[in-house]
Each structure stands twice: as C-alpha cells, then as structure tokens.
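# Per-entry structural report
Chain by chain, the residues:
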Amino acid sequence: MRTALHKIAKGLMAGTLGLVAVSAQAAPGNTKTVAGTANVTIAQPAKIQKVDDLRFGVIVRPAGAGMVEIDPTGTITANIDISAYPGNRGPSRFLLVGDNNRRFLVFLPSRIDITNGTATMRVDRFRMNAVNGSTRFDANGRYNLYVGGRLNVGANQAVGQYSGTFDVTVVYQ
C-alpha cells in the first residue's frame, strides 16, 4: 500500500510541476525584443614634454637666509642680492598634448629639496599658469604649462650646483 501511495504522490507532483511549467510560458504574440547599444570613446593619453627647467640662476652665497621666487609669468622677486649674475632665470615650461578642447587638471608638489650632494635647499610655493589647476587644451590639443616656485636659500649656503626633480601630473576631467 505504501508503494501505491508513493506512486500516486509522485504522479501528482509531476502533474503539478507540469502545470507550473506551462503557466510560466508567455502567450503567443506577447514577446518583444529591443536592441541596446554599447558605446565607448578611447581618449588619447595626455603627453607631457619638458621644454625648460625651473631656473633660479646663479646666486652669490648670502650672509643671511633669503629667497628667490619665480612666478609662472617670469616675474622674479628676491630678498637677497641676485644682481651679480643677472639672467638665466625663469619658470619651467611643459608642452602638454591631449584631446582637442578637453578639460584637464594639473597637480604639482607642495615642496621638494634640491641638493648639491651634501647640502640641500627647499623649493616650495609651486605655482602654474593653469587657473586653480584646471584648464583645457586648445583646438589643436596643446597647452603650454608654465611652473614657478620659491627657492629658500640658507645663510652661508654651501657653494655648489644644486638640482632636484619635481613631478607634474595631468588628469583628464
């Protein structure tokens, strides 16, 4: 008897499952298909080419600490005597190349140290001609970025040629 009930239960379950499967099917003519579109634009990576270094020129060792600041426009201010060696001072210039008229951000360091091997000086107050670090490439996909900074010279700074590097980062908006 148990086997007979078991067979009947199996049959009812199979019939119920068959009804469920049939009721889940869509009625004829009730099916619609719509095509979607996938899009992507591959942007040209920004390129940066250094044209000129940030040049503080030649400075006679001062008795007291001071500074020389070069603005992105090329304006030079100093509170130490830099008149003995005029010239060869100016902002750094980078040629940026990217997508025509595309907006981008520029990031500069807050400060770096330059060294002559044993002694150091600090360069800070990095400034650029991009307003608030944001601007756009011209119609030809170019932008001349000018970067200035302030050199902090110590009292009786050690004699020698100092150098150091700084990073310029460009990010598309």
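Placed above this text is the structure.
All figures in this text were calculated on a predicted structure; none of them were measured in a lab. (Residues numbered from 1 in each chain as written. Predicted model: local features only at pLDDT ≥ 70, side-chain atom pairs only at ≥ 80, totals over all residues. Heavy atoms only, no water.)

### Quick look at the overall build of the protein
To be explicit about the condition: The secondary structure listing takes helices from DSSP runs of H or I that are at least 4 residues long and strands from runs of E that are at least 2 residues long, numbered from the N terminus. The buried label applies to any residue whose accessible area, calculated with a 1.4 Å probe on protein chains only, is under 20% of its type's maximum; exposed applies above 50%, and partly exposed to all values in between. Any pair of residues with heavy atoms lying within 4.5 Å of one another is described as a contacting pair. In this description, accessible areas are obtained by the Shrake-Rupley approach with a 1.4 Å probe, and a residue is regarded as covered only by the protein chains that are shown.
Helices and strands together make up the secondary structure of the protein, namely 1 helix and 10 strands. For the protein, the α and β elements follow one another from N to C terminus as α-β-β-β-β-β-β-β-β-β-β. Counting all 173 residues of the protein, 28% fall into the buried class. Partitioning the contacts of the protein with sequence separation of at least 6, the portion at a separation of at least 24 is 74%. Total accessible area computed for the protein in this model is approximately 11,800 Å², and 54% of it derives from carbon and sulfur atoms.

### Structural notes on the nonpolar core
Side chains of a nonpolar character, in soluble globular proteins, are inclined to be buried together. What counts is decided by this rule: Throughout, nonpolar core names a set of buried Ala, Val, Leu, Ile, Met, Phe, Trp, Tyr and Cys residues whose side chains join them through atoms within 4.5 Å.
Of all hydrophobic cores here, the largest spans 27 residues; its most connected members are L96, V123, L145 and F166. Elements with a contribution of two residues or more to this core: β2 (66-70), β4 (92-97), β5 (103-107), β6 (111-115), β7 (120-128) and β9 (142-153). Of all the elements, β9 adds the most residues to this core, at 5 residues. Each residue touching V123, except ones within four places of it in the same chain, is listed here: L54, F56, R111, I112, I114, R150 and L151.

### Focus on the pairing of β4
Put simply, the rule reads: Strands pair, by our definition, only if DSSP identifies at least two bridges between them.
Taken across its 6 residues, β4 has 5 buried, putting it largely inside the fold. Sheet topology note: the strand β1 (residues 47-52)/β4 ladder contains 5 bridges and is antiparallel. Pairing of K47 across the sheet is with V97, part of β4. Strand direction decides the pairing type here: β4 and β9, joined by 6 bridges, are antiparallel. Note that in β9 the partner of S92 across the bridge is V147.

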